[in-house]
Amino acid sequence: MGRTISLKKYTVADVLSNPLFKEAEVVAGKRGLHQTIKWVHIMEVTEIGKLLNGNELILSTGVGWQEKRQTSLSFLKQLIDKRAAGLCIELGKYTSFIPEEMIQLANQNNFPLIIFPTEVRFIDISQELNSIIMNNHYKMLTDLEEISSKLNQILLLPDAFKRVLRFLHQTLHLQVVYVPNSENGILFFPDTSNDKKELLLKDIDPYISNYTVDSTLESNYSNIAHQQVQAMGHTFANLFIIANDSALTEFDLLVLDRCATALSQDLLRVLYVEEKKKGQENQWAKEWLEGKLQLEDINDFLDSLKPSVKPNGVCVSICTFFNRVDEENMTYYFAVFRSIFEQQGFYPLILFEANQFIFILINKRNEKDWKQRISQALNQVKNTERIDFMSVPPKFSVGKLLTKLDHVHESYVMAKEALQIQRKVKNINQPFYEELHIYRLISLLSKQENLKDFVDEYLEVVISQDQKTNGALLETLKVLLDVNGSKKEAAKKLFIVRQTLYHRLEKLKELLGSDFMDPEKRLAIEVALYAHKFIKDHRKDSS
C-alpha cells in the first residue's frame, strides 16, 4: 500500500490551493507553510487561554483588537505559543491593515500570516476544510484497519519478523531501522550503504541511549520516531522510522505502533517456542557443570547451539530466591534472563533447580570488563518486573572466569562457596568469589572443625574480659588494626580521648602480650577477628 495523497499531512500550503483561498495572500511566515492543520477554527477573542490544542488554522476579522497594535501583537504571540498552524485575517470593517510588528513576529517564528483583501464567508471555509480533515481522518482509520488485518496475515507466515519490517517500509516509503538490545545485527529496510548506515545510527543514538525520549505519538514536528518492541514486560529492541525531508505524520506514527505490536507478538511466539526446546540443552548443561564432558564434546555442542559464539572464557553465576518462584512463569524468566545476559556480551545456558537459577555464562567480549558487565546484568535481573516486588531480594554469586571450557565445574564450586559465605557473614553483599579474599580462607578453615579453637586461642581472653567489664577491648583491637596501628586515627574512630585509648592498649598488651602488633602475630589476630565475625553471624543465621 503506497502513501496516497489523503494520508499525507494536510498543510497550510494545501489550504492555499483551495478555490476558497484564490484571493488570499501570504504576507508573512512563508517558511511555515508545511505546518500541519488538524482543525479550522474561527476566533475573535483576544485571550486564548486553553481554547486551542495546537495545529489549528485560525480565521479572524480582527474585531477583538480593532487595529490596536499591542492587542494584535499579543494575540499573534499567543497563537505562536499555542503552536497554531497559521492565522487568516479578513481585511475590512474591523482591520484595514496588518501592523509591521505582526509581520516581523510571524516571519521570526515561521508562522503563516494570510490575509483576505475582501470579505469572505468564514462559515464556508471552516465547513469545507474541516470536512476534508474529517474525511482524511476517516480514510486513515479505514487504512489502519486494513493494515492491522494484513499484519495479522503476515504473522501466520514463515519469517514473519522480516516480513513485518519490509511491510512497514513498503507502506510508508520511509527508512526503517530495527535495533535489537542483544548483539544480533541491526537491520535496515531498505538496505543502504555503510556510510548512510553510520549517519542513521548517529541520528537515532539519543533515542537508544535515553529512554526518556518516550512515546512516538508525542509530536508531529520530528522526522524520527521509535517504538519499543516488548515481550513479557521486557524491551528487546527499538523500531525506528526516519523521514528524509519532512516531518512524520500521525498516520506514520500509528502504523509504526501497529508494526511494533506485531513484532512483539511474533517475538513472544518465538521465545516460547525456543524455550520449549531447551530440555536437551538443560540436560547437557548439567553434565557440563558436573565435569562429565570432554573439551571436544563441549565445543561440538556449542557449535550446534550457536555457531557464531567464539568463547572468551566461561563462568558460573547462581541466583538464589528466598520467595517461592512461580514455575508456571519459567518461560518468562528464561527468555528475559537470556536477553539480559546477551545484551552484556554473554551467551547464557540457564538451569533452574531448588529455587535457584544457575547461569553458565560464555563470555563473547573482552575479559577486562567481564565483572562490570555481569554486575550490570545481575542488577537488571534483580529489577526484573516479577522479581522486583518480592519481599526478600535474591542473592547472587559468581565464580571465576575460566579460560578452559572443560573446567566450568570449578567456577560452579566457587559460585556455591561465595553464596555460602554471603549467607554466613552478615552485611557481605559481594557476589564475586574472587573479591571475598580473607573470607575464602576462613570458610576453608571452618570446614576443618578447628576454626573456633583458632579464634579462642587468640581472642578468648579479650572476649572474656569484655564480658566481665564491658571494656570494648575487642572493638578497640579491630579498629586499631584497621587503621594500621595509628593511635590518633583509632581514638577518632572510637570517639574516645587518647588517655582512654592508652589505657585500653595497656590492657590489650597484658592479655595478648606486648608483641601483639608484631607482623606475624598481628596477621593471626586479624584472621581470628574475621573468623569470629564469621562464626558469630553464622550462629545468628542458624538460630
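The paragraphs below set out a description of the structure included in this document.

The rules behind each value
- Residues numbered from 1 in each chain as written.
- Predicted model: local features only at pLDDT ≥ 70, side-chain atom pairs only at ≥ 80, totals over all residues.
- Heavy atoms only, no water.
- Pairing = 2+ DSSP bridges.
- Helix = DSSP H or I, 4+ residues; strand = E, 2+ residues; numbered from the N terminus.
- Axes fitted to C-alpha atoms, helices over the stretch in contact; angles between N-to-C directions.
- Contact = heavy atoms within 4.5 Å.
- Core = buried A, V, L, I, M, F, W, Y, C linked by side-chain atoms within 4.5 Å.
- Buried < 20%, exposed > 50% of the residue type's maximum accessible area, 1.4 Å probe, protein only.
- Patch = residues over 30% accessible without salt bridge, like charges linked within 9 Å, V, L, I, M, F, W, Y side chains within 5 Å.
- Areas by Shrake-Rupley, 256 points an atom, 1.4 Å probe, with all protein chains shown as cover.
- Salt bridge = Lys/Arg side-chain N within 4 Å of Asp/Glu carboxyl O.
- Lys, Arg positive; Asp, Glu negative; His and termini not counted.
- Charge placed at Lys NZ, Arg CZ, Asp CG, Glu CD.
- Phe/Tyr/Trp six-rings, centres within 6.5 Å; stacked < 30°, edge-to-face > 60°.

### Description of the sheet that holds strand β3 (residues 56–60)
Within the open sheet, the five strands sit side by side as β1-β5-β4-β3-β2. Their pairing is mixed. Since the sheet does not close on itself, it has two edges, and those belong to β1 (25–28) and β2 (39–42), each with one partner. This sheet shows a mean twist of 25 degrees between the axes of neighbouring strands, independent of strand direction. Here β3 runs beside strand β4 (residues 86–90); their pairing, made up of four bridges, is parallel. Considered in β4, the bridge of I58 is made with L87. Sheet strands touched by helix α2 (residues 69–81): β3, β4 and β5 (113–116). Its angle to β4, the strand with the most contacts, is close to 150 degrees. Strands β1, β4 and β5 of the sheet are contacted by helix α3 (residues 100–108), whose axis makes an angle of about 85 degrees with β1.

### Digging into the nonpolar core
Counting residues in each nonpolar core, the largest one holds 37 residues, and the members touching the most others are L151, V164, L168, L239, I241, V255 and C259. Elements with a contribution of two residues or more to this core: α4 (122–154), α5 (160–172), β6 (175–180), β8 (224–231), β9 (234–242) and α7 (250–276). The biggest single contributor to this core is α7, with 11 residues. Leave out the neighbours within four places in its chain, and V164 touches L151, I154, L155, C259, A262 and L263. Counting residues in hydrophobic clusters, the runner-up holds 27 residues, among them F357, W370, I387 and V398.

### Brief notes about a negative patch on the surface
The grouping of E296, D297, D300 and D303 at the surface amounts to a negative patch. Classification of E296 as exposed rests on a relative accessible area of 58%.

### Here we look at the sheet that holds strand β13 (residues 395–398)
Paired through their backbone hydrogen bonds, the strands of a sheet run either parallel or antiparallel. Here four strands make up an open sheet; going across it, the order is β11-β12-β10-β13 and the pairing antiparallel. Looking at strand neighbours, the two that pair on one side only are β11 (346–353) and β13, the edges of this open sheet. Adjacent strand axes in the sheet meet at a mean angle of 20 degrees, parallel and antiparallel pairs treated alike. One ladder, built from eight bridges, connects β11 with strand β12 (residues 356–363); its direction is antiparallel. Looking at the pairing, P348 lines up with L361 of β12. Running over the sheet, helix α11 (residues 370–382) touches β10 (314–320), β11, β12 and β13 and is turned about 160 degrees from β13.

### Quick look at the packing of aromatic side chains
In the structure shown here, the tally under the stated rule is 15 aromatic pairs. Seen from their ring centres, F161 and Y178 are 4.8 Å apart, and the 75 degrees between their planes marks the pair as edge-to-face. Highlighted residues: F161 in helix α5 and Y178 in strand β6, separated in sequence by 17 residues. Under the relative-accessibility criterion, F161 is labelled partly exposed at 23%.

### Here's the deal with a positive patch on the surface
A cluster of basic side chains, namely K487, K488, K492, R498 and K509, defines a positive patch on the protein surface. Broken down by element, the residue count for the positive patch peaks at three residues, all from helix α17 (residues 487–494). Positionally, K487 belongs in helix α17.

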